[in-house]
Amino acid sequence: MSDAKRKVTIFDTTLRDGEQSPGCSMNLAEKLRMAHQLAILGVDVMEAGFPIASEGDFEAVRKVAEEVRGPVVAGLARAVDIDIERAARALEKAAKPRIHTFIATSDIHLKYKLKKSREQVLESAVRAVEKAKGYFDDIEFSCEDAGRTDDGYLAQVTQAAIDAGATTINIPDTVGYAIPEEWGARMKRLCDAVPDLGTRAVLSTHCHNDLGLGVANSIAACRNGAGQVECTVNGIGERAGNASLEEFVMSCRTRADFLDFITGIVTEELYPTSRLLSNITGVFVQQNKAIVGKNAFAHEAGIHQDGMLKDSLTYEIMTPQSVGILKSNIVLGKHSGRHALAVRFKELGFDLAKEDLEKAYKLFTKVADQKKTITDDDLLAIVQDGIQDIPEIWHMKYIQTVGGNQIVSSATLVLKNRETEEEIEEAATGEGPVSALCNTIDRIVGLDGSLTDYQIRSISEGREAIGEVFIRVVFDDVEYMGKAASTDVMDATARAYLNAVNKALFARGKAAEKG
Ligand code: KIV
Ligand code: ZN
């Protein structure tokens, strides 16, 4: 294979075919934001909407045409005068405008939808392209439902559209019915029948995903003469969607050894673009979605995690960074091994000795049997409560809090230091009873903690329910968890805070021992 690769034009139709799908509609501001991001992503053409469809669509195409620079901006139009006029009007201010006009060519559509003969459709196609050509040079013509159109008729319409001035001929598999080999062969037959494809006009493919083959069919088309692929971010679109832009693009990049075409997409923008679309529409991709799904770079099996930590080449065919994801995600769960656990502990600031790691691993497997994923909180609990015996240096003897909405909260405590047997009484105020309690404890133990999380949950029922308090406190830049339960939440709060204090003092002692 020669080194020179053909560049395939990426025609993004997220704002038109994608936006048409349930749950994916966007308002003007949202479309504009998305359009600017598509330009950053480096799409060659963006279809900004279907101007005749509504005022909103017209306005969106008009605004995108006016504001967005870089890609060609296309507007869709049926093969009728009013649509073409409206599209031309919406695209007036575009630096690089394209009218995309279409008519169905399959016998099924002709008979049931259009109620027209092949001759009538051919005539409409030619008239539409000629009319559009009166406005701009760049004209795309699509044979809707080309996938189920007779070969000879498809070639006839294609040739006529090129002769009328179309510069791109789009062949959609509107209903997502094609199989890759078949679709590739179809493109080849069309190119053989219409030699002007590839010289006077670009052959384009537009594959829907009803059988999950949208991207595979697009690749097959490009291997057989197509020079443009129509696709959408996250694969959104009618029914099962359109070919996914990110999957097509990363197939080209990752399998450059096999495919002889490339795209001009800035692949590092794929994930940010996918996220932007999801955030705008509220439609999130499934976790295992290729390239941009939450799990696309997540590894849970122990053997995989071990391999990944040795060299990511073992289980990743592309780097997360190449699609704009910061790093792979080692998900800790029951399939994880000691290696992954040790690495995660280290990231959390615990460089565990061999015996401690062994203890932690045993506790970890117990927790993992009960929970699907292990969070950092679980790991902190394992390391802080499970494998280290934290001595209770400070013990609470007495607590009294005063609070209310008309007075300054205060707390009085008596703590006993178990090492010196000394009992200290102190009082302090605070913005509420919790803050007063923490301030009093800090005063007695000589630390200055900052509360980063405070949660109470009931662990039994009724008015006398036991409340469990869970807190996180930062002492000297290190975060410690504390928890305690009591029927009195202030009592539980003070003891949870003391729990974190004792951990911090224990860690300090350990650090001092190490020198
Ligand atoms: O799927 C389809 O046929 C279309 C055309 C309008 C290009 O979206
Ligand atoms: Zn479509």
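Because the structure is predicted, anything quoted here is derived from the model rather than measured.

**Describing the packing of helix α8 (residues 180-193) against helix α9 (residues 214-222)**
Angle between the axes and distance between the axes are the two parameters that describe a pair of packed helices. One can describe the packing of α8 onto α9 by two numbers: an axis separation of 8 Å at closest approach and a directional angle of 35°. Note that α8 runs across α9; the crossing there is right-handed. Here Pro-180, Trp-183, Gly-184 and Met-187 of α8 come into contact with α9, specifically with Ala-216, Asn-217, Ala-220 and Ala-221. Of the residues that constitute the contact of α8 with α9, the class distribution is six nonpolar, two polar and no charged.

**With respect to the domain arrangement of the protein chain**
The domain architecture assigned to the protein chain consists of domain 1 (6-281), domain 2 (298-387) and domain 3 (394-514). Placing a centre on the C-alpha atoms of domain 1 and another on those of domain 3 gives a separation of 63 Å.

**Some words on the environment of Arg-69**
By the secondary structure assignment, Arg-69 is in the loop between α3 (55-67) and β4 (72-78). The exposure class assigned to Arg-69 is partly exposed, which follows from its relative accessible area of 43%. Contacts of Arg-69, omitting those with residues within four sequence positions, involve Ala-39, Lys-93, Ala-94 and Ala-95. Of the polar contacts made by the side chain of Arg-69, one reaches the backbone oxygen of Glu-66; its length is 3.3 Å. There is a polar contact of 3.2 Å between the side chain of Arg-69 and the backbone oxygen of Lys-93.

**Quick notes on the coordination of the zinc ion (ligand 2)**
Of the protein atoms, only Asp-17 (OD), His-206 (NE2) and His-208 (NE2) coordinate the zinc ion (ligand 2), at distances of 2.0 to 2.1 Å. Within one chain, the residues serving as donors to the zinc ion (ligand 2) are arranged as D-x188-H-x1-H. The exposure class assigned to His-206 is buried, which follows from its relative accessible area of 5%.

**What to know about the nonpolar core**
The biggest cluster of nonpolar side chains holds 90 residues, and the ones touching the most others in it are Ile-99, Phe-141, Ile-171 and Phe-248. Looking at this core, the element that brings in the most residues is helix α7 (residues 151-164), giving eight residues. When residues of this core are sorted by domain, at least three fall in each of domain 1 (6-281) and domain 2 (298-387). What Phe-248 contacts, discounting residues up to four positions off in sequence, is Val-8, Ile-10, Val-215, Ser-218, Ile-219, Cys-222, Val-229, Phe-261 and Thr-263. Val-434, Ile-444, Ile-471 and Ala-492 belong to the second largest nonpolar core, which has 30 residues in total.

**Side note on the packing of α7 against α8**
As a packed pair, α7 and α8 sit with axes 10 Å apart at the nearest point and diverge in direction by 50°. Taken together, the axes of α7 and α8 are oblique relative to one another. Seen along the crossing, α7 lies across α8 with a hand that is right-handed. In this structure, α7 contributes Asp-151, Leu-154, Ala-155 and Thr-158 to the contact, and α8 contributes Arg-186, Arg-189, Leu-190 and Ala-193. By residue class, the composition of the contact of α7 with α8 is four nonpolar, one polar and three charged.

**A short note on helix α6 (residues 118-133)**
Think of an α-helix as 3.6 residues a turn; residues three or four steps apart then line up on the same face. With 16 residues, α6 should reach 22 Å at 1.5 Å per residue; the first-to-last C-alpha distance of 23 Å fits that figure. Within the span of α6, buried status applies to Val-121, Leu-122, Ser-124, Ala-125, Ala-128, Val-129 and Ala-132. Along the axis of α6, the buried residues cluster in a sector spanning 160°; they form a single face. Those residues of α6 that are exposed and aimed more than 90 degrees away from the buried face are Glu-119 and Glu-123. Of the surrounding elements, those touching the buried residues of α6 are α4 (81-90), β5 (97-104), α5 (107-114), β6 (139-144) and α7.

**Notes on the pairing of strand β3 (residues 45-49)**
Of all five residues making up β3, five are buried, and the element is well covered by its neighbours. Examined bridge by bridge, strand β2 (residues 9-12) and β3 share two bridges and lie parallel to one another. Bridging across to β3, Asp-12 finds its partner in Met-46. As defined by bridge partners, β3 adjoins β4 across four bridges and the pair is classed as parallel. What sits directly across from Glu-47, in β4, is Ala-74. Between the parallel elements β3 and β4, the chain passes through α3 in a crossover that is right-handed.

**So, unusual backbone geometry**
Phi is positive for Lys-115, which is not a glycine, with a value near 50°. With respect to the helices and strands, Lys-115 occurs in the loop between α5 and α6. Note on Lys-115: relative accessible area 63%, which makes it exposed. Phi is positive for Asp-145, which is not a glycine, with a value near 60°. By the element assignment, Asp-145 lies in the loop between β6 and α7.

**Notes on the site of ligand 1**
Around ligand 1 lies a shell formed by Arg-16, Asp-17, His-100, Phe-102, Ser-142, Glu-144, Asn-170, Pro-172, Thr-174, His-206 and His-208. In this structure, Asp-17 approaches ligand 1 through a side-chain N or O atom, which is 3.1 Å from an oxygen atom. Separating an oxygen atom of ligand 1 from a side-chain N or O atom of His-208 is a distance of 3.0 Å. Bound to the protein, ligand 1 loses 94% of the 260 Å² it would expose on its own. Secondary structure elements with two or more residues in the shell around ligand 1: α1 (14-18), β5, β6 and β7 (168-173). Residue composition of the shell around ligand 1, grouped by class: two nonpolar, six polar and three charged.

Calculation notes
- Residues numbered from 1 in each chain as written.
- Chains lettered and ligands numbered in written order.
- Predicted model: local features only at pLDDT ≥ 70, side-chain atom pairs only at ≥ 80, totals over all residues.
- Heavy atoms only, no water.
- Axes fitted to C-alpha atoms, helices over the stretch in contact; angles between N-to-C directions.
- Helix = DSSP H or I, 4+ residues; strand = E, 2+ residues; numbered from the N terminus.
- Left-handed = near helix turned anticlockwise from the far one by under 90°.
- Contact = heavy atoms within 4.5 Å.
- Nonpolar A, V, L, I, M, F, W, Y, C, P; charged D, E, K, R; others polar.
- Domains from an automatic or database assignment.
- Buried < 20%, exposed > 50% of the residue type's maximum accessible area, 1.4 Å probe, protein only.
- Polar contact = N/O pair within 3.5 Å; in protein donor to acceptor, adjacent residues only side chain to side chain.
- Donors = N, O, S within 2.8 Å, 3.2 Å for Na, K, Ca; no water.
- Core = buried A, V, L, I, M, F, W, Y, C linked by side-chain atoms within 4.5 Å.
- Parallel < 35°, antiparallel > 145°, perpendicular 65-115°, else oblique.
- Expected span 1.5 Å × (residues − 1).
- Arc of directions from axis to C-beta.
- Pairing = 2+ DSSP bridges.
- Right-handed = clockwise from strand over helix to strand, strands pointing away.
- Near = heavy atom within 4 Å.
- Areas by Shrake-Rupley, 256 points an atom, 1.4 Å probe, with all protein chains shown as cover.

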